[in-house]
Amino acid sequence: MSLLVRYTLKDAADHANQIAAMQALVADLKAERIPGLNYACFETDDPVQFVGVLEFPDEATFKAFQASKAFASYRDRVGPTFANPPQTSPITAIASTRG
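K.L.:
Summarise the overall build of the protein; cite the residues concerned and give the values.
P.N.:
Scanning the protein for helices and strands turns up three helices and four strands. Reading the protein from its N terminus to its C terminus gives the helix and strand order β-α-β-β-α-α-β. Along the longest, intermediate and shortest principal axes, the C-alpha atoms of the protein span 35 × 30 × 20 Å. Scored against the burial criterion, the 99 residues of the protein give a buried share of 32%. Counting 9 positive and 11 negative side-chain charges, the protein places the centres of these two groups 6 Å from one another.

K.L.:
Can you lay out the packing of aromatic side chains for me, pointing to particular residues and giving the numbers?
P.N.:
Taken as a whole, this structure holds six aromatic pairs when the rule is applied. Taken together through their ring pairs, the aromatic side chains of Tyr39, Phe56, Phe62, Phe65 and Phe71 make up a single cluster.

K.L.:
Lay out the side chain of Thr81 in plain terms, naming residues and giving numbers.
P.N.:
By the secondary structure assignment, Thr81 is in the loop between helix H3 (69-78) and strand S4 (87-91). Here Val78 takes part through its backbone oxygen, which lies 2.7 Å from a polar atom of the side chain of Thr81. With near-sequence residues (within four places) excluded, Thr81 lies in contact with Thr8, Leu9, Lys10, Asp14 and Asn17.

Each value, and the rule that gives it
- Residues numbered from 1 in each chain as written.
- Predicted model: local features only at pLDDT ≥ 70, side-chain atom pairs only at ≥ 80, totals over all residues.
- Heavy atoms only, no water.
- Helix = DSSP H or I, 4+ residues; strand = E, 2+ residues; numbered from the N terminus.
- Buried < 20%, exposed > 50% of the residue type's maximum accessible area, 1.4 Å probe, protein only.
- Lys, Arg positive; Asp, Glu negative; His and termini not counted.
- Charge placed at Lys NZ, Arg CZ, Asp CG, Glu CD.
- Phe/Tyr/Trp six-rings, centres within 6.5 Å; stacked < 30°, edge-to-face > 60°.
- Polar contact = N/O pair within 3.5 Å; in protein donor to acceptor, adjacent residues only side chain to side chain.
- Contact = heavy atoms within 4.5 Å.

In short, the description is geometric, and any link to function would need to be established separately.
Following this line, the structure appears as structure tokens:
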């Protein structure tokens, strides 16, 4: 199971804060060690657009992510800077170089 997450900021002035918040989210998720969870974040050439790819093996792992301290801290930090709620789309891997 995977989700593509699209983030849009209200203001390009929040670009650096979003990068720092995404880096902190990933570091905190690594520290929490939720088994089977992978989250990767990307900036785009548009300073108000970011993308995340959330991979999880089952609903229990997804719920653990949603309940994590890392995700709560991230939402509190950057939630007010979003132009709208993050947009999610289910995606399915068809090929990968990762194990």
